[in-house]
Amino acid sequence: MPGSDERQETVADIGEFGLIGRVTAGRRQPATTLLGPGDDAAIVAASDGRVVTSTDVLVEGVHFRMDWSTPEHVGRKAVAVNIADIAAMGGVPTGLLVGLACPRTTPTAVAEGLAAGMWEEATRAGAGLVGGDVVAADQIVISVTALGDLQGRAPVTRGGAMPGDVVAVSGRLGWSAAGLAVLGRGFRSPVTVVSAYRAPEPPYAAGPQAALAGATAMIDVSDGLLADLAHVAEASSVAIDVRTSLVPVPQRLVEVASALGADALHWVLTGGEDHALAATFPDPAGVPQGWVAVGTVGRGAGVTVDGRQYEKPPGWQHWR
């Protein structure tokens with residue numbers, strides 16, 4: 001073990017190309033990666049003839065804190081939030097392009113940890129890290145662009161919900177918000193909820209599953225269920241009503257909320273960063289296994305809860 005006074009190697013010590021070499025060496029790519037890192041650009045197979053693509057930017061101090069999460073957690077999160085968007089279109093992820101900005105004093109171990117988390121999450125989703133860039137900056141900023149394949153299916157957009165449809169969700173809701181609340185109080189447990197904040201676990205396979213089941217609209221729940229369903233309602237020119245009697249509120253969240261003097265249902269309805277999927281289906285009997293019906297689509301506009309306007313903020317918004 002090195003002594004506590006031993007200087008850590010930094011990204012400035014090994015340079016841009018040294019770092020790229022470190023984080024890509026020995027990594028295996030999926031069959032969709034025709035040309036990976038090392039050239040001017042990557043080549044990813046697009047057998048469908050179309051490419052689903054999405055970009056997210058994570059900023060230190062806004063989307064993550066290094067005193068709350070390990071570099072591996074942050075790397076996993078950076079990939080997960082992007083691939084969830086691909087899944088929300090009904091797509092299967094194929095490749096990821098990563099931009100990393102960080103101070104020159106950043107320990108090499110931190111950059112390698114970020115990369116290890118990215119590779120782990122990408123592998124879980126069946127995608128490859130095919131390229132990117134690293135630059136100097138005053139804080140850590142991670143930008144990830146995800147690519148995906150629709151496999152011959154029509155994309156499932158936000159704009160297809162119809163009156164009479166049922167609203168269903170797949171994945172965890174409220175767990176990340178609970179984890180954030182716990183960390184914000186200075187605690188590090190329960191581990192289950194803290195881990196949910198540090199590294200979300202989106203249900204990637206549920207997106208294509210919903211598309212195959214005839215989903216009429218779908219969205220990644222990144223800012224809160226009510227806030228994101230409002231995007232579906234607006235894009236589809238419909239009204240959506242969420243029934244709290246149908247919304248699962250895990251007992252663990254109830255226990256944590258009770259300890260913190262918070263409302264577990266509020267976390268579930270408005271908490272972001274779990275990256276669950278919400279979709280609408282034309283027939284309740286056609287809701288796939290693993291999805292839970294939580295509401296209905298009707299004529300009108302906006303989102304209500306049990307037929308009434310929700311009195312608290314419906315979710316996260318930047319700059320507010």
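Because the structure is predicted, anything quoted here is derived from the model rather than measured. (Residues numbered from 1 in each chain as written. Predicted model: local features only at pLDDT ≥ 70, side-chain atom pairs only at ≥ 80, totals over all residues. Heavy atoms only, no water.)

A.B. asks: Before we move on, can you summarise the overall build of the protein chain with the specific residues and values?
C.D. replies: On a plain count of helices and strands, the protein chain comes out with nine helices and twelve strands. Taken against the 2.2 N^0.38 rule, which gives 20 Å for 320 residues, the C-alpha radius of gyration of the protein chain at 20 Å falls within 12% of a compact globule. Across the 320 residues of the protein chain, 48% fall into the buried class. Partitioning the intrachain contacts of the protein chain with sequence separation of at least 6 by distance along the chain shows that 85% fall at a separation of at least 24. When the 22 basic and 33 acidic side-chain charges of the protein chain are each reduced to a single mean position, those positions are 5 Å apart. (Helix = DSSP H or I, 4+ residues; strand = E, 2+ residues; numbered from the N terminus. Rg over C-alpha atoms; globule rule 2.2 N^0.38 Å. Buried < 20%, exposed > 50% of the residue type's maximum accessible area, 1.4 Å probe, protein only. Contact = heavy atoms within 4.5 Å. Lys, Arg positive; Asp, Glu negative; His and termini not counted. Charge placed at Lys NZ, Arg CZ, Asp CG, Glu CD.)

A.B. asks: With reference to specific residues and values, describe the nonpolar core.
C.D. replies: With 40 residues, the main nonpolar core has Val193, Leu225, Leu229, Ile240 and Val242 as its most contacted residues. If near-sequence neighbours (up to four positions away) are discounted, Ile240 is found in contact with Val167, Leu229, Val232, Ala233, Thr296, Val297, Gly302, Val303 and Thr304. One finds Val23, Ile86, Ile140 and Val144 within the second-largest nonpolar core, a separate group that totals 34 residues. (Core = buried A, V, L, I, M, F, W, Y, C linked by side-chain atoms within 4.5 Å.)

A.B. asks: Give me the lowdown on the environment of Gly164, citing residues and values where you can.
C.D. replies: Structurally, Gly164 can be placed in the loop between strand E6 (141–149) and strand E7 (166–170). You can call Gly164 exposed: its relative accessible area is 56%. On a C-alpha basis, the gap between Gly164 and Val59 in space is 40 Å, while along the polypeptide they are 105 residues apart. Once residues lying within four places of it in the same chain are set aside, the contact partners of Gly164 are Pro282 and Val297.

A.B. asks: I'd like a rundown of helix H1 (residues 11–24), residues and numbers included.
C.D. replies: In this model H1 runs just 15 Å from its N-terminal to its C-terminal C-alpha over 14 residues, more than 12% under the 20 Å that 1.5 Å per residue would give. Along its length, H1 shows its largest kink, about 75 degrees, at Phe17. Along H1, the positions that sit buried rather than exposed are Val11, Leu19 and Val23. For H1, the elements touching its buried residues are strand E4 (92–102), helix H3 (108–125) and strand E5 (128–136). (Expected span 1.5 Å × (residues − 1). Bend = angle between axes of the 7 residues up to and from the residue.)

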